[in-house]
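Next come the chains, spelled out residue by residue.
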Amino acid sequence: MLPMFARGKGGSRLTYARRAPGAGMLLLAAPLLATLLLTSCAGTDDDGTAQAAATIAATTTVAPTTSTSTTTTLPPTTSTSTTTTSTTTSTTTSTTTTTTSSTTTSTSTTTTTPARQATQPIAPPADTYASEPVIESGRIVIPKIGVDMAMYEGIRMSTLDLGPGHWPGTAMPGELGNVVVGGHRTSKHRVFRNIDDLVAGDQLIFQDANGEHVYIVNRVEVVNPTDVWIINPTDTPTATLFACHPPGSTRQRIVVFADLQV
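The paragraphs below set out a description of the structure included in this document. All values derive from a computational prediction rather than experimental measurement. (Residues numbered from 1 in each chain as written. Predicted model: local features only at pLDDT ≥ 70, side-chain atom pairs only at ≥ 80, totals over all residues. Heavy atoms only, no water.)

1. Structural notes on the overall build of the chain
Working step 1: From N to C terminus, the chain includes one helix and 14 strands.
Working step 2: For the chain, the residues scored as buried account for 35% of the 262 residues in total.
Working step 3: A sequence separation of at least 24 residues applies to 68% of the contacts in the chain between residues at least 6 apart.
Working step 4: Accessible area for the chain stands at about 14,900 Å²; split by element, carbon and sulfur atoms hold 54% of it. (Helix = DSSP H or I, 4+ residues; strand = E, 2+ residues; numbered from the N terminus. Buried < 20%, exposed > 50% of the residue type's maximum accessible area, 1.4 Å probe, protein only. Contact = heavy atoms within 4.5 Å. Areas by Shrake-Rupley, 256 points an atom, 1.4 Å probe, with all protein chains shown as cover.)

2. What to know about the pairing of strand β7 (residues 136-142)
Working step 1: With five of seven residues buried, β7 lies mostly within the body of the structure.
Working step 2: As paired strands, β7 and strand β8 (residues 147-153) are joined by six bridges and run antiparallel to one another. In the strand pairing of β8, R139 is matched with A150.
Working step 3: The hairpin formed by β7 and β8 contains four residues between the paired strands, and G146 there has a positive phi angle of roughly 70°.
Working step 4: In this sheet, strand β11 (residues 203-208) lies alongside β7 in antiparallel orientation, the contact comprising three bridges. Bridge pairing in β11 places V141 opposite I205. (Pairing = 2+ DSSP bridges.)

3. Description of the pairing of β8
Working step 1: In terms of strand pairing, β8 meets strand β9 (residues 165-166) through two bridges, oriented parallel. Considered in β9, the bridge of E153 is made with H166.

4. Details of the environment of A150
Working step 1: Tracing the chain through its elements places A150 in strand β8.
Working step 2: Classification of A150 by relative accessible area gives buried; the value is 11%.
Working step 3: Taking the C-alpha atoms as reference points, A150 and G163, 13 residues apart in sequence, are found 6.4 Å from one another.
Working step 4: Residues within four places of A150 in sequence aside, it is in contact with E136, G138, R139, G163 and P164.

Everything listed here is a matter of geometry and, on its own, says nothing about what the molecule does.
Printed below as a string of structure tokens:
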């Protein structure tokens, strides 16, 4: 089989909701924004005090005389003087003014940008027969069709002749994003010879240094070689397998789409 060489949907019979805008474009995670505002108004107490107190005593003494005098007595006394005592009492009233402290709390809304695939798939190689480093990245197991084989990093023929190849720049198994893997149907090991037998609910299992990652097939489609949108990054953990179709021909591609099991 041959990998796809061009971008764009190019006449596909399919409309696939998972396509991210712009083929092969990286949608980066954006940063987190949060604001909290607290305003407090604290009051004070003012004490106002008014006090007045006075006692006025007036005493008028008349010198002794032989004439007839008139005496007005308030309390009993033996003197012949007239004494008038006036007492004024002032009442002090204390007034306390209390100010209530009021606290206003303003709450902001934080909007989190949805996480996206952190890597960007490389463009289809111009020379599909050029050599590339041999890098084993794990294993792929498909119980339904008896596949259990080492997986390599790369999509050139020299790599696909060894086994299924992981498209560089697409997500790694278990990560957020689209794990894209291509393989032969009729030449060499023929690892994807029977992927047209897969149906919704079947398992795709990836094994690597981080453990085992199980994906569940949701659909199988046939597309044109120009439909490179199948490698686009996704906002959820997905996997995409592709191979030439029909067997022995490079006229179209058969594609298996799957979602990470949760």
